[in-house]
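Survey of secondary and tertiary structure
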Amino acid sequence: MLPNTGKLSGCTIFITGASRGIGKAIALKAAKDGANVVIAAKTTQAHPKLPGTIYTAAEEIKAAGGKALPCVVDVRDEQQINNAVEKAVEKFGGIDILVNNASAISLTNTLETPTKRVDLMMNVNTRGTYLTSKACIPYLKNSKIAHILNLSPPLNLNPLWFKQHCAYTIAKYGMSMCVLGMAEEFKGEIAVNALWPKTTIHTAAMDMLGGSGIKRQCRKVDIIADAAYCIFKKPKSFTGNFIIDENILKEEGIKNFDVYAIAPGHPLIPDFFLDEQPDTTKKMESHGAIPELKEETLQPPPKPRSGAVEETFRIVKDSLSDDVVKATQAVYQFELSGEDGGTWFLDLKSKGGNVGYGEPSDRADVVMSMSTDDFVKMFSGKLKPTMAFMSGKLKVKGNMALAIKLEKLMNQMNAKL
């Protein structure tokens, strides 16, 4: 973990969406230095699945050593933003740092995304970031620290990241485009940067998206808080950067990243918008690099060998045992498209387990849809299930925790396939 230096003592930090999760973690890190934190969020009463309000966050910030100003702010409402900025300046005398953290997400494709959900993402992510920045900039100009930090990704134009959730990608990239524009517009006056995690971060929202079983494949919010703290220590000349949390912490001398893991040693899910292939990740090796935009030649995937799916299921069947069934206790259904496609099942509930063509006799706990090519690659270890899911190659319906159990089973089978 990155130690505090006291550098943010007396500074005023305005954080949107700071009642929980990443926003609150950044607030608490700053509070340990004795910072003033403006909690600009809309939660005044705890949600059953999303604990935390602006008032409970304020108490935690005070307990950590900071001063807190909870403000009811829906970033879609310009007047609420302006009112909170005025209150912050009145109470603390100015604003030194703005963190645009508030965000809305819907990982749905074009036809499955209702217009009101499109509007929500555009208005919270892009418009909310723009308006909050606009309201804070006159005061940031008077600060010696003067920093805007957007929790948004590097601008990666790989179509893969638009294919499955076009509206969300556009809305999130809007936040990153604010970094591009404002960093140039206010160069020398205000540092404007973006921060994005290398792996998924465990929050209550992540539990809602992926099920509680996803927790072990995530890192703690502390890694983002520490990375943000590193950025705030930089001079105003450090601007226009798309920073990956792990990269900047390595530059600070952090070597042990297990301290940030929910389950040290467990495989982590790479986050959205970061290509896993080496030729594309090279673009983002340094924290300051804006991705080089070059046209990529997409090669058609190789056709599966004859009967590849059937052969894969035969090997899976040979690998089954009472111990595997006892440890898993789930029925999986696969909807495969392409050559050798159709409906297949893997029953890991009945004694000894079973596989076959067609629907299972018992209702499936998890339904997975993908191409036969990707199915064979996934079971042979050439395609990570988490990457397949994050990139839209694999669609999962049902119990996500049981889907993750199947991934562990695949890891055991890879040597045989």
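Only a predicted model underlies this, so the values are computations on that prediction, with no experimental measurement involved. (Residues numbered from 1 in each chain as written. Predicted model: local features only at pLDDT ≥ 70, side-chain atom pairs only at ≥ 80, totals over all residues. Heavy atoms only, no water.)

Each helix and strand counted, the protein chain has 15 helices and 12 strands in total. In the protein chain, the share of contacts with a sequence separation of at least 24, taken over all contacts with a separation of at least 6, comes to 73%. Surface accessibility of the protein chain: about 19000 Å² in total, with carbon and sulfur atoms responsible for 51%. (Helix = DSSP H or I, 4+ residues; strand = E, 2+ residues; numbered from the N terminus. Contact = heavy atoms within 4.5 Å. Areas by Shrake-Rupley, 256 points an atom, 1.4 Å probe, with all protein chains shown as cover.)

Turning our eyes to something else, we now look at the packing of helix α1 (residues 21-31) against helix α8 (residues 222-232). Their axes nearest at 8 Å, the elements α1 and α8 cross at an angle of 55°. Taken together, α1 and α8 sit at an angle that is classed as oblique. Considering how the two elements wind past one another, α1 and α8 form a crossing that is right-handed. Facing Ile22, Ala25, Ile26 and Lys29 of α1, the residues of α8 in contact are Ile224, Ala225, Asp226, Ala228, Tyr229 and Phe232. A per-class count over the contact of α1 with α8 returns eight nonpolar, no polar and two charged. (Axes fitted to C-alpha atoms, helices over the stretch in contact; angles between N-to-C directions. Parallel < 35°, antiparallel > 145°, perpendicular 65-115°, else oblique. Left-handed = near helix turned anticlockwise from the far one by under 90°. Nonpolar A, V, L, I, M, F, W, Y, C, P; charged D, E, K, R; others polar.)

On to the confidence of the model for the protein chain. With 88% of its residues at a pLDDT of 70 or more, the protein chain has an overall mean of 86. Confidence drops under pLDDT 50 across residues 277-306; counting only partners more than four residues distant or on other chains, this segment forms 45 contacts. (pLDDT = per-residue confidence, 0-100.)

Here the structure, examined in full by the defined rule, presents 14 salt bridges. One salt bridge in this structure joins Glu189 and Lys141, with 3.8 Å as the shortest N-O distance. Residue Glu189 is found in the loop between α6 (166-185) and β6 (191-196), and its partner Lys141 is found in the loop between α4 (115-140) and β5 (147-150); the two are separated by 48 residues along the sequence. Overall, the relative accessible area of 38% leaves Lys141 in the partly exposed class. For Glu311, the salt bridge is made with Arg314, and the minimal N-O distance between the two is 2.8 Å. You can see Glu311 and its partner Arg314 sitting in helix α11 (residues 308-319), three residues apart, about one turn around the helix. Given a relative accessible area of 29%, Glu311 falls into the partly exposed group. (Salt bridge = Lys/Arg side-chain N within 4 Å of Asp/Glu carboxyl O. Buried < 20%, exposed > 50% of the residue type's maximum accessible area, 1.4 Å probe, protein only.)

In this section: unusual backbone geometry. The backbone of Ala146 sits at a positive phi, close to 35°, despite the residue not being glycine. Even without being a glycine, Gln329 presents a positive backbone phi close to 55°.

Along any regular strand, the residues point their side chains to alternate faces of the sheet. With six of six residues buried, β6 is to be regarded as a mostly interior element. By the alternation rule, side chains of β6 split into Ala191, Asn193 and Leu195 and Val192, Ala194 and Trp196, which are all buried. Relative to β6, β5 runs parallel, the two sharing four bridges. Along β6, the bridge assignment pairs Leu149 with Asn193. Where β6 meets strand β7 (residues 242-244), three bridges bridge the pair, whose relative direction is parallel. Paired with Leu195 across the two strands is Ile243, which belongs to β7. (Pairing = 2+ DSSP bridges.)

Right, let's talk about the sheet that holds strand β10 (residues 354-357) for a bit. Pairing is mixed in the open sheet, where five strands are placed in the order β10-β9-β8-β11-β12. Bordering the open sheet on either side are β10 and β12 (395-398), each of which pairs with just one other strand. Sheet twist, expressed as the average angle between the axes of neighbouring strands with direction ignored, equals 15°. The pairing of strand β9 (residues 342-348) with β10 spans four bridges and is classified as antiparallel. Looking across to β10, one finds that Trp344 is bridged to Tyr357. The strands that α11 touches are β8 (330-337), β9 and β10; relative to β9, the one it contacts most, it runs at about 5°. Against the sheet, helix α13 (residues 372-379) engages β8 and β11 (366-371), with an angle of about 115° to β11.

Another point: the sheet that holds strand β4 (residues 97-100). The parallel open sheet is built from seven strands, whose spatial order is β3-β2-β1-β4-β5-β6-β7. Whereas interior strands pair on both sides, the edge strands pair on one side only; in this sheet they are β3 (67-72) and β7. Taken over all neighbouring pairs, the strand axes of this sheet differ in orientation by 20° on average, direction set aside. Two strands pair when backbone bridges link them, and strand β2 (residues 36-41) and β3 are joined in this way by six bridges, in the parallel orientation. Directly across from Ala40, in β3, lies its bridge partner Cys71. Along the sheet, α1 contacts β1 (12-16), β2 and β4; its crossing angle with β1, the most-contacted strand, is approximately 170°.

Here the focus is the nonpolar core. One finds Phe14, Tyr332, Phe334, Leu346 and Phe375 to be the most contacted residues of the largest nonpolar core, which totals 85 residues. Considering each element in turn, this core owes the most residues, eight residues, to α6. Every residue in contact with Phe334, bar those within four places of it in the chain, is listed here: Phe313, Gly342, Thr343, Trp344, Leu346, Met368, Phe375, Phe379 and Leu406. Leu8, Ala41, Ala58 and Ile248 belong to the second-largest nonpolar core, a separate cluster that totals 46 residues. (Core = buried A, V, L, I, M, F, W, Y, C linked by side-chain atoms within 4.5 Å.)

So, on to helix α3 (residues 78-92). Between its terminal C-alpha atoms α3 stretches 21 Å, which fits the 21 Å expected from 15 residues at 1.5 Å a residue. Elements in contact with the buried residues of α3: β1, β2, β3 and α4. Between the side-chain oxygen of the N-cap and the backbone nitrogen of Gln79 there are 3.0 Å, and the N-cap of α3 in question is Asp77. Once α3 finishes, Gly93 follows within two positions and takes phi at roughly 90°, a positive value. (Expected span 1.5 Å × (residues − 1). Polar contact = N/O pair within 3.5 Å; in protein donor to acceptor, adjacent residues only side chain to side chain.)

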